[in-house]
Amino acid sequence: MRYISTRGQAPALSFEEVVLTGMASDGGLYVPETVPQLSKEELADMAGCSYAEIAFRVMKPFVNGEIDDDTFRGLVKDAYATFSHDAVVPLNQLDANHFLLELFHGPTLAFKDVALQLLGRLLDHFLDKRGERAVIMGATSGDTGSAAIEGCRHCDNLDIFILHPHNRVSEVQRRQMTTVLADNVFNVAIEGNFDDAQAMVKSSFANQDFLNGTRLVAVNSINWARIMAQIVYYVASAVAVGAPHREVSFSVPSANFGNVFAGYMAYKMGLPVKQFIIATNANDILHRTLAANDFSKQELAATLAPSMDIVVSSNFERLLFDAYDRDGHAVAALLERFQDEPTALAEAPLAKLREKFASHSVDDATILEVIREAHHRTHEVLDPHTATGYRAAERARADAATPMITLATAHPAKFAEAVVKAGFPGVPLPPHMDDLLEREERYTVLPAELDAVQRFVAEQRR
Ligand SMILES: *Cc1c(COP(=O)(O)O)cnc(C)c1O
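Residues numbered from 1 in each chain as written. Predicted model: local features only at pLDDT ≥ 70, side-chain atom pairs only at ≥ 80, totals over all residues. Heavy atoms only, no water.

**Student:** Mind laying out the pairing of strand 9 (residues 248-253), listing which residues take part and the relevant values?
**Tutor:** Of all the six residues making up strand 9, six are buried; the element is thus mostly covered by neighbouring parts of the structure. Burial along strand 9 is two-sided: V248, F250 and V252 and S249, S251 and P253, pointing in opposite directions, are all buried. Here six bridges tie strand 9 to strand 10 (residues 273-280), and the two strands are oriented parallel to one another. Across the sheet, F250 pairs through a bridge with F276, a residue of strand 10. (Buried < 20%, exposed > 50% of the residue type's maximum accessible area, 1.4 Å probe, protein only. Helix = DSSP H or I, 4+ residues; strand = E, 2+ residues; numbered from the N terminus. Pairing = 2+ DSSP bridges.)

Pasting the structure below:
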């Protein structure tokens, strides 16, 4: 198994290389050259297996023998032992045929833990094997930074530097990062906004001289290993409600498209999926593209579901690659046009996407309404991201007979602001985090100057 770029110009890579590399050198994203298949028998055999065992079986072909089975099993087991629920990602039945897949039982209470707990361990494993060290740099407005820190805090060969805008992330989100006191974790509060932080990270990747040859690694959702780890919960939940003997559908709160693309990979591997519903907030590029063939950027809106606030969905490129029959030149041409002006997909690829994908966009007022309505009907308090998925599942599902699984991407306690706005007294943090507001914090405040940040990284890394 090799990995190839969606823009057709970068060299093919092994699994190890693809884990250690972010974006392809031609600006594209890596995808597997061929999609491994799960037979009906293999799927049926997973019924009753632990999550870690299903994870091992689903991901093994992607690893391509580059990690021996026992070692890989160990990494997977360790990664999911950090979750606070025995089922790792439990299914919660809401009504006769609608289920909530709770992806928020990891250390930072959002679905990104599922991928980042494994990615940290994979990076550490490969670096150890090579006798190398690496530096991770990332900018965060909340969710990704804390999940990346939790995923890397025990990794001997990694130092992680996460930049957040000083005084511009919520206290819970800041503390989820800054109370991790491990020696290899460095939180930097930038005296600027998120875009300043992001720009400094981008510049650091573009010119890495300040690190004197040490590898700089990205853990954002363009890393293939994150997609790979997310395929697993589509398979596990579908098998739990009757696959491969019946079809299931999924509704996915979406932004960068990494989550729902993983579901599409599960489908390509042989999982019987009837329909994927893409749920967006007011930042609705995915919905506009699917529904109206309006593939264009619009201004960023700050919504009650902030982890879905995006202008461009980076992983959508992976789906386009498939829709355009893996023609890297066509994908590159489309995305170059898209950078500069509103554009549209060609008719045949769009028609292909519409066979499997539906979409629905949910504004802030509706998010609040859904949180109240879902509580009234099911006694569950949904987080604002999950609320978009819940509403989209109701509005866009093709039929009532196929089980619908809505992905619950965050714990409501993490986004208490929306829950309180919806009229609830708030949601307590789960027991293992209830002292978060008393824990010791550690972070460094730096000016929004590239030199100062790079000097700090170069000096502090071990
Ligand atoms: C990141 C995130 C999303 C969006 O996921 P994508 O993979 O970017 O589509 C949705 N909900 C929550 C809570 C998130 O943290």
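The rest of the description comes next.
**Student:** Please give an account of the site of the ligand that cites residues and values.
**Tutor:** Taken together, 15 residues form the shell around the ligand, and within it K112, D143, A255, N256 and T409 come nearest. For the ligand, an oxygen atom lies 3.2 Å from a polar atom in the backbone of G258. Between the ligand and N259, the relevant distance is 2.9 Å, taken from an oxygen atom to a main-chain nitrogen or oxygen of the residue. Considering the ligand on its own, with 390 Å² of exposed area, one finds that the protein chains cover 97% of that surface. (Near = heavy atom within 4 Å. Polar contact = N/O pair within 3.5 Å; in protein donor to acceptor, adjacent residues only side chain to side chain. Areas by Shrake-Rupley, 256 points an atom, 1.4 Å probe, with all protein chains shown as cover.)

**Student:** Any chance you could break down the side chain of T388 for me, citing the residues and the numbers?
**Tutor:** Mapped onto the elements of the fold, T388 is located in helix 16 (residues 384-396). At a separation of 2.6 Å, a polar atom in the side chain of T388 contacts the main-chain carbonyl oxygen of H385. Filtering out sequence-adjacent residues up to four positions away, T388 remains in contact with P253, A279, T280, M308, V362 and I367. (Contact = heavy atoms within 4.5 Å.)

**Student:** Go over the environment of R174, please, and point to the residues and values.
**Tutor:** Structurally, the position occupied by R174 is in helix 7 (residues 171-178). Relative accessible area serves as the criterion here: at 17%, R174 is assigned to the buried category. Those residues within four positions of R174 in sequence are excluded, and the remaining contacts are H164, V169, E441 and Y443.

**Student:** Can you explain the pairing of strand 3 (residues 91-95)? Please cite residues and give values.
**Tutor:** Side-chain positions along a regular strand alternate between the two faces of the sheet. For strand 3 and strand 4 (residues 98-102), the ladder comprises four bridges, and the chain directions are antiparallel. When the bridges of strand 4 are listed, Q93 appears paired with F99. Where strand 3 folds back onto strand 4 in an antiparallel hairpin, the turn is made up of two residues.

**Student:** Quick rundown of helix 8 (residues 194-206)? Include the residues and the values.
**Tutor:** The terminal C-alpha atoms of helix 8 lie 18 Å apart, and with 13 residues this matches the ideal 18 Å at 1.5 Å per residue to within 8%. Contacts made by the buried residues of helix 8 are with strand 5 (134-139), strand 6 (158-165), strand 7 (185-191), strand 8 (215-217) and helix 18 (450-460). Backbone nitrogen of D195 and a side-chain oxygen of the N-cap are separated by 3.1 Å at the start of helix 8; the cap is N193. (Expected span 1.5 Å × (residues − 1).)

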